[in-house]
2 protein chains.
Amino acid sequence: MSTPQRFVKRNEIYAATFNKGDLALPPSKKIIVVTCMDARIDPAASLGIELGEAHIIRNAGGRVEDALRSIIISQRLLGTREIAVFHHTDCGMMTFTTQELQSKIADEDGPEAANLVNRIDFLEFTKLEESVKHDVKYLQSHPLVLKDTTIIGWTYHVESGKVTQVDH
Amino acid sequence: MSTPQRFVKRNEIYAATFNKGDLALPPSKKIIVVTCMDARIDPAASLGIELGEAHIIRNAGGRVEDALRSIIISQRLLGTREIAVFHHTDCGMMTFTTQELQSKIADEDGPEAANLVNRIDFLEFTKLEESVKHDVKYLQSHPLVLKDTTIIGWTYHVESGKVTQVDH
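Bear in mind the structure is a predicted one, so any value in this text is a computation, not a measurement. (Residues numbered from 1 in each chain as written. Chains lettered and ligands numbered in written order. Predicted model: local features only at pLDDT ≥ 70, side-chain atom pairs only at ≥ 80, totals over all residues. Heavy atoms only, no water.)

(A) Up close: the interface of chain A and chain B. In this complex, chain A contributes 84 residues to the contact, which on the side of chain B involves 84 residues. Summing both partners gives a buried area of about 6,900 Å² for chain A against chain B, and 64% of it is carried by carbon and sulfur. Summed over the shared surface of chain A and chain B, the number is six salt bridges. Between Arg76 of chain A and Glu108 of chain B there is a salt bridge whose closest N-O contact spans 3.1 Å. Here chain A is connected to chain B by 31 residue pairs in polar contact (both at pLDDT 80 or more). (Contact = heavy atoms within 4.5 Å. Buried area = accessible area lost by both parts, 1.4 Å probe. Salt bridge = Lys/Arg side-chain N within 4 Å of Asp/Glu carboxyl O. Polar contact = N/O pair within 3.5 Å; in protein donor to acceptor, adjacent residues only side chain to side chain.)

(B) Layout of the relation of the copies chain A and chain B. After a rotation of 180° and a shift along the axis of 0.0 Å, chain A superposes on chain B with an RMSD of 0.0 Å. Look at the turn and shift together and you get a two-fold axis relating the two. Taking C-alpha positions as the reference, the residue of chain A nearest the rotation axis is Arg58 of chain A, at 2.3 Å. When you check the interface residues of chain A against chain B, 100% turn up at the interface there too, and the contact is symmetric in its surfaces. (Least-squares fit on C-alpha atoms with pLDDT ≥ 70 in both.)

(C) Representation of the pairing of strand β2 (residues 54-59) of chain A in the model. Counting buried positions along β2 of chain A yields six of six residues, so the element is predominantly enclosed. Neither face of β2 of chain A is exposed, since Ala54, Ile56 and Arg58 of chain A on one face and His55, Ile57 and Asn59 of chain A on the opposite face are all buried. (Buried < 20%, exposed > 50% of the residue type's maximum accessible area, 1.4 Å probe, protein only. Helix = DSSP H or I, 4+ residues; strand = E, 2+ residues; numbered from the N terminus.)

(D) Fine view of the pattern of salt bridges. Per the counting criterion, the structure on display carries 14 salt bridges over all chains. With its nearest N and O atoms 3.0 Å apart, the salt bridge here joins Glu108 of chain A to Lys104 of chain A. Taken together, the positions of Glu108 of chain A and Lys104 of chain A, both in helix α4 (residues 98-109) and four residues apart, correspond to about one turn of that helix. According to the relative accessible area criterion, Lys104 of chain A is partly exposed, its value standing at 28%. Through salt bridges with shared partners, a single network forms among Arg76 of chain A together with Lys104, Glu108 and Asp109 of chain B.

(E) A look at the packing of aromatic side chains. Within the structure shown, the criterion is met by eight aromatic pairs over all chains. Note on Phe86 of chain B and Trp154 of chain B: the rings are 5.4 Å apart at their centroids and 10° apart in plane angle, and the pair reads as stacked. Here Phe86 of chain B, found in strand β3 (residues 82-88), pairs with Trp154 of chain B, found in strand β4 (residues 150-156); they are 68 residues apart in sequence, far enough to count as distant. By relative accessible area, which is 2% here, Phe86 of chain B ends up buried. Residue classification places Trp154 of chain B among the buried positions, given a relative accessible area of 1%. Grouping aromatic residues by their ring pairs yields a cluster made of Phe7 of chain A together with Phe86 and Trp154 of chain B. (Phe/Tyr/Trp six-rings, centres within 6.5 Å; stacked < 30°, edge-to-face > 60°.)

(F) Examining unusual backbone geometry more closely. If you check the backbone angles, Leu123 of chain A has positive phi at about 60° while not being a glycine. Taking the relative accessible area as the measure of exposure, Leu123 of chain A reaches 11% and is therefore buried. One non-glycine residue with positive phi stands out, namely Asp90 of chain B, at about 55°. Topologically, Asp90 of chain B is positioned in the loop between β3 and α4 (98-109).

(G) Structural context of the pairing of strand β5 (residues 162-166) of chain A. Residues and elements named next belong to chain A. Taken together, the five bridges between strand β4 (residues 150-157) and β5 define a ladder with antiparallel strand orientation. Looking at β5, one finds that Gly153 is bridged to Val166. In this antiparallel pair of consecutive strands, β4 and β5, the connection spans four residues, and Gly161 shows a positive phi of 80°. (Pairing = 2+ DSSP bridges.)

(H) Local environment of the environment of Arg63 of chain A. Along the chain, Arg63 of chain A turns up in the loop between β2 and α3 (68-78). Taking the relative accessible area as the measure of exposure, Arg63 of chain A reaches 7% and is therefore buried. Along the primary structure Arg63 of chain A and Phe86 of chain A are separated by 23 residues, whereas in three dimensions their C-alpha atoms are 8.8 Å apart. Setting aside its immediate chain neighbours within four residues, Arg63 of chain A contacts His87, Leu123, Glu124, Phe125, Ser131, His134 and Asp135 of chain A together with Arg69 of chain B. At 3.4 Å, the side chain of Arg63 of chain A and the side chain of His134 of chain A are in polar contact.

(I) Seen up close, the environment of His88 of chain A. Residue and element names in this part refer to chain A. Within the secondary structure layout, His88 lies in strand β3 (residues 82-88). Sequence separation of His88 and Thr164 is 76 residues, and the distance between their C-alpha atoms is 9.9 Å. When residues no more than four places from it in sequence are discounted, the contact partners of His88 are Cys36, Asp38, Arg40, Ile41, Met94, Leu128, Tyr156 and Val158.

Quick look at the structure:
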């Protein structure tokens, strides 16, 4: 079965019992969760977040610098006041450097691609807890993040499904 | 109960029966899903995506231009070859313009914030299907997206939980 066929088939099952069609646009718990795109993470299930409660932003690594546009929209237009930042064990972001990825793409695709990719910071990291602390600090000191925001850092453990709060 | 207390409590329940600790880092179905951060969307549940199968990238609107760093990492380092782009009904991205949001923040926060926010394109849109088509085309023609990628656009309906494939 192709991906679109599978999506349609499984979505039919989901929609058949769907009864949350009247939820409001602004997240009811006023929370943003920022986490990695990693296939082994289900933020809603692992944190018990119900539909309608929280904005969930996901990108490679769960890096907040790359989530800023979304965070500003969430806070200024949709009323969120807490941000939870999750990075996780065994993250792909700890397996390469920006320079290595830029070189790989330049080698594979030539000068036009090289010119474009050399402008991208891939925001990799080497130490899990330090990257969480870095991102919490980044948000705390960013002029476009609201001053009264509660910002908490976390790690997610793909081996156990457990989360741990990071002190900072 | 505070958000951290709730996360910890609900995560204990999740982790107690967690048995997917040995999944591989690369997504087993080689798929990327790009969708909105909207609180009313659960991509895994609504598409029947199991843990370990797909990268899920989420930002305000599900805009691919803002997902490029993540898509490049996903394709080049973790082997994904299909991209499904979802935008949805009643999206907050259809309720404002970049200029309005920039003016609001400049008014509220003063010149330092104005100077920063004026450099941000918030990537809002006015027509749902057109924004999906725009994003599919953007990926199809982007030099840093692999040429053999299957790219399909979709809409998600927050009122019914249903998805619809967008022809392009």
